[in-house]
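# Topology and contacts: notes
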Amino acid sequence: MPALLPDLAPWKASADFRRLWASGLISNFGSFLTFVALPVQLKDLTGSAAAVGAIGAVELIPLIVFGLYGGALADALDKRRLIVWTEAGQGLLSAALLVNALLPGPAVWPLYVVAALSSALVSVQRPALDSLLPRIVAHEHLPAAASLNSFRWTVGGVAGPAVAGVVVAYAGLGWAYAADLLTFAVSLAFVVRIAPSPASHEAARPDLRAVVEGARYAWSRKELLGTYAVDLAAMFLAMPLAVLPFLADELHAAWSLGLMYATFPLGALLVSATAGWTSRVHRHGRMVVLSAALWGLAVTAAGLVGDVWLVLLLLTVAGACDMVSGIFRGAMWNQTIPDELRGRLAGIELLSYSVGPQLGQVRSGGVAAWAGVRMSVWSGGALCAGAMGLFALCLPGLTAYDARTNVHAVRLREQRAATAPTRV
């Protein structure tokens, strides 16, 4: 049993990691409230699966533009300052959703505007968060820190949608948005106590040349490109979030919507809570591809069965498989990318695991409107599983990756060993 439990070494060694972890836990919980409330409000106002799926479309351009530029900013500016200001901005957007929900006749357009602005802020913040982690956690503790961060995210992901389903159904959308606003205020109280994290002296100016430099480095690392391709394909083809409100109705189980949104984080939570075994796995690339294929198969089965409880179980299994893939992708990224490029590569990583879900919402909503909700779900999962089989054949650099021998992992490990890790 001890071998299965999460490794708490990063938590014990770094006070800043504890503050960042607590901040993320609180803000994630609130964000998942809005994550459920916003598509429910759109469904109520429009009755259209395509309109709900369009959330992904309006979030896409800000995600691409600000994800790449946000990575350059994270390398060139103080990372903590970026995190603080973007967290405050997210709180203001929650306030805008609350005001709109309290109007006698809530408008549709503010929902899309807030979704686009929120995507921009998250795209600036996430590279700073990701690139800050190796500065506050020792190199050998990075896989454990990734697992603990995943555990934090999944706790909010399970509790947030479950609570949101109850709050939206019995108290109203305004209460969900108000709770999200409150969580951002509490989160800020933790973030402002993190030590400053200024730019590395080798950092480039945050301009187009810096973005291109990061893209060239990513292109030179075929195993990294493989992780991006796997995640993009899995999320684009098999992420059914946009159709979940309609799937719940089709199964005559409207009460299950909050649970459906919670299944993916619940599966991830089960993996994160028993992730001690991940530290003993070294062939990270193989695990990335295998777990993404299993994600697709689980989504396929969820689209084919007709019992709501079996659907919930299969979606939970899918969430668990996605978390396994995410843990090993994160380990490959954190243990091989140089500090002076980490922000820009984090921006590219953000695109790989965020653009896919946004496009996936458009795909799943469009297919559902054309061919039905169930076909939208199972066909996407089947295509995902097939794509992973092709990747296993076509990406030998990814499947051969070994953390013990990879030249980039060895070099960064030696560099970190030569200098004392940051202890706060």
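Residues numbered from 1 in each chain as written. Predicted model: local features only at pLDDT ≥ 70, side-chain atom pairs only at ≥ 80, totals over all residues. Heavy atoms only, no water.

### With respect to the side chain of Ser131
Note on placement: Ser131 falls in helix H5 (residues 109–136). Judged by relative accessible area, Ser131 falls into the buried class, the value being 1%. A polar contact is formed between the side chain of Ser131 and the side chain of Lys79, at a distance of 3.5 Å. (Helix = DSSP H or I, 4+ residues; strand = E, 2+ residues; numbered from the N terminus. Buried < 20%, exposed > 50% of the residue type's maximum accessible area, 1.4 Å probe, protein only. Polar contact = N/O pair within 3.5 Å; in protein donor to acceptor, adjacent residues only side chain to side chain.)

### Things to note about the pattern of salt bridges
Tallied over the full model, the rule gives seven salt bridges. Taking the shortest distance from any N to any O, the salt bridge between Arg221 and Glu223 comes out at 2.8 Å. Accessibility expressed as a relative area gives 9% for Glu223, which makes it buried. The closest approach of N and O atoms between Asp231 and Arg329, which form a salt bridge, is 3.4 Å. Residue Asp231 is located in helix H9 (residues 222–238), and its partner Arg329 is located in helix H13 (residues 308–334); the two are separated by 98 residues in the primary sequence. Across the pair, exposure class does not vary: Asp231 and Arg329 are buried alike. Each of Arg283, Asp402 and Arg404 takes part in one network of salt bridges that share partners. (Salt bridge = Lys/Arg side-chain N within 4 Å of Asp/Glu carboxyl O.)

### Overview of helix H7 (residues 173–191)
Here H7 spans 27 Å end to end across 19 residues, near enough to the 27 Å set by a 1.5 Å rise per residue. Those residues of H7 not exposed but buried are Leu173, Gly174, Ala176, Tyr177, Asp180, Thr183, Phe184, Ser187 and Val191. For H7, the secondary structure elements touched by its buried residues are helix H2 (15–46), helix H4 (79–102) and helix H6 (142–170). (Expected span 1.5 Å × (residues − 1). Contact = heavy atoms within 4.5 Å.)

### Observations regarding unusual backbone geometry
Its identity as a non-glycine residue notwithstanding, His252 has a phi of 55°, on the positive side. Within the fold, His252 resides in the loop between helix H10 (244–250) and helix H11 (257–272).

### Focus: the environment of Gly91
Along the chain, Gly91 turns up in helix H4. The exposure class assigned to Gly91 is buried, which follows from its relative accessible area of 6%. With 97 residues separating them along the chain, Gly91 and Leu188 place their C-alpha atoms 9.5 Å apart. Setting aside chain neighbours within four positions, we find Gly91 in contact with Leu181 and Phe184.

### Thoughts on the confidence of the model for the protein chain
On average, residues of the protein chain score 84 in pLDDT, and 95% of them reach the 70 mark or higher. Taken element by element, the protein chain is modelled with least confidence in H6, mean pLDDT 77, and with most confidence in helix H12 (residues 284–304), mean pLDDT 94. (pLDDT = per-residue confidence, 0-100.)

### Overview of a nonpolar patch on the surface
Together, Ile61, Ile64, Val65 and Phe66 make up an exposed nonpolar region whose accessible area comes to about 360 Å². Mapped onto the elements, Val65 comes out in helix H3 (residues 49–76). By relative accessible area, Val65 is classed as partly exposed at 48%. (Patch = residues over 30% accessible without salt bridge, like charges linked within 9 Å, V, L, I, M, F, W, Y side chains within 5 Å. Areas by Shrake-Rupley, 256 points an atom, 1.4 Å probe, with all protein chains shown as cover.)

### Some words on helix H15 (residues 373–394)
Its 22 residues place the ends of H15 32 Å apart at the C-alpha level, agreeing with the 32 Å of an ideal helix rising 1.5 Å per residue. Within the sequence span of H15, burial applies to Val373, Arg374, Ser376, Val377, Ser379, Gly380, Gly381, Cys384, Ala385, Ala387 and Met388.

### Here we look at the packing of H9 against H15
Where H9 meets H15, the axes come as close as 8 Å, and the angle between the chain directions of the two elements is 165°. When the axis of H9 is compared with that of H15, the two are roughly antiparallel. Crossing geometry of H9 relative to H15 is assigned as right-handed. Residue-level inspection shows Ala229, Val230, Ala233, Ala234, Leu237 and Ala238 of H9 in contact with H15, the latter providing Gly380, Gly381, Leu383, Cys384, Ala387, Met388 and Phe391. By residue class, the composition of the contact of H9 with H15 is eleven nonpolar, two polar and no charged. (Axes fitted to C-alpha atoms, helices over the stretch in contact; angles between N-to-C directions. Parallel < 35°, antiparallel > 145°, perpendicular 65-115°, else oblique. Left-handed = near helix turned anticlockwise from the far one by under 90°. Nonpolar A, V, L, I, M, F, W, Y, C, P; charged D, E, K, R; others polar.)

### What to know about the layout of surface pockets
By volume, the second largest pocket is sized at about 350 Å³. Taken together, 18 residues line the second largest pocket, and the ones lying closest to its centre are Gly165, Ala254, Trp255, Leu257 and Gly258. Counting residues per element, the ones that place at least two in the lining of the second largest pocket are H2, H6, H10 and H11. Residues that form the lining of the second largest pocket fall into these classes: 13 nonpolar, two polar and three charged. (1 Å grid on protein atoms, 1.4 Å probe; cavity = no way out; pocket = protein on both sides within 12 Å on 5 of 7 lines; lining within 4 Å. Points joined across faces, edges and corners; volume = space filled by probe spheres on them.)

### Observations concerning the packing of aromatic side chains
If you walk through the whole model with that rule in mind, you get six aromatic pairs. Judged by centre distance (5.4 Å) and plane angle (40°), the ring pair of Trp255 and Trp309 falls under tilted. With Trp255 in the loop between H10 and H11 and Trp309 in helix H13, this residue pair connects regions lying 54 residues apart in the sequence. Ring plane angle 45° and centroid distance 5.4 Å describe the contact between Phe264 and Trp295, whose orientation is recorded as tilted. With a gap of 31 residues between them, Phe264 in helix H11 and Trp295 in helix H12 connect regions that are remote in the sequence. Take Phe264 and Trp295: they sit in the same class, and that class is buried. Here the aromatic cluster, defined as three or more aromatic residues joined through ring pairs, consists of Phe32, Phe35 and Tyr261. The aromatic ring of Trp219 is capped on one face by Lys222, whose charged end is 4.1 Å from the ring centroid. (Phe/Tyr/Trp six-rings, centres within 6.5 Å; stacked < 30°, edge-to-face > 60°. Lys NZ or Arg CZ within 6 Å of the ring centre and 35° of its normal.)

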